[in-house]
Amino acid sequence: QVQLVESGGGLVQAGGSLRLSCAASGTIFNIVSMGWYRQAPGKQRELVAIIASGGRTNYVDSIRGRFTISRDNAKNMVYLQMNSLKPEDTAVYYCNLRGRRVGGGEFDYWGQGTQVTVSS
C-alpha cells in the first residue's frame, strides 16, 4: 500500500516563493518517476514537473526556470521549489508517483493535494 501526502502550500504574493513537499510511504518494487501536477478550477490537470528514477527532470514550459523538482530517496520525499510565483500558478498541486509492477505494468498513486494561491 502506497500513500502520498503533500504539504507546503499556502498564500503568497506574486514574486514570492513556496516549497512543496511530498512524503511517500509503502512498498514499491520500482519507481518509474515522481512528479507534481496541478489543477485550477475549470481547468484540466496538467503536469508541472517530473523526476525520473534515473534523475532526469522535465518541466512544463510555463514554469521552466522558476520551479525546481528534487528528491531525497533516503527519506522517500520529493519537493517542488517554486520561485517567482505568478497568479497563474494558483492551483491545487498534487504529488504523483508512477510505479512499475512486477509483471511490467505501470500504475499511479496520488496525494490529496495542497492549495497554492498567488495574489497580485
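Each remark here, short or long, concerns the structure printed above.
The rules behind these values
Residues numbered from 1 in each chain as written. Predicted model: local features only at pLDDT ≥ 70, side-chain atom pairs only at ≥ 80, totals over all residues. Heavy atoms only, no water. Phe/Tyr/Trp six-rings, centres within 6.5 Å; stacked < 30°, edge-to-face > 60°. Helix = DSSP H or I, 4+ residues; strand = E, 2+ residues; numbered from the N terminus. Buried < 20%, exposed > 50% of the residue type's maximum accessible area, 1.4 Å probe, protein only. Lys NZ or Arg CZ within 6 Å of the ring centre and 35° of its normal. Polar contact = N/O pair within 3.5 Å; in protein donor to acceptor, adjacent residues only side chain to side chain. Contact = heavy atoms within 4.5 Å.

Taken as a whole and judged by the stated rule, the model has two aromatic pairs. Considering the side-chain rings of Y37 and W110, the 4.9 Å spacing of their centres and the 70 degrees angle between planes classify their relative orientation as edge-to-face. Within this pair, whereas Y37 is found in strand β4 (residues 31–39), its partner W110 is found in strand β10 (residues 106–110), the two being separated by 73 residues in sequence. Accessibility expressed as a relative area gives 15% for Y37, which makes it buried. What makes W110 partly exposed here is its relative accessible area of 32%. Arranged with centres 5.0 Å apart and planes meeting at 90 degrees, the rings of F107 and Y109 form a pair that is edge-to-face. Residue class for F107 comes out buried when judged on its relative accessible area of 17%. Classification of Y109 as partly exposed rests on a relative accessible area of 27%. R19 extends its terminal NZ or CZ atom over the ring of Y79, reaching a point 4.0 Å from the ring centre.

Another aspect to go through is the side chain of R66. Position of R66 relative to the elements: it lies in the loop between β6 (57–59) and β7 (67–72). Classification of R66 by relative accessible area gives buried; the value is 11%. Among the polar contacts made by the side chain of R66, one reaches the side chain of D89 at a distance of 2.8 Å. Setting aside chain neighbours within four positions, we find R66 in contact with Q81, M82, N83, S84, L85, K86 and D89.

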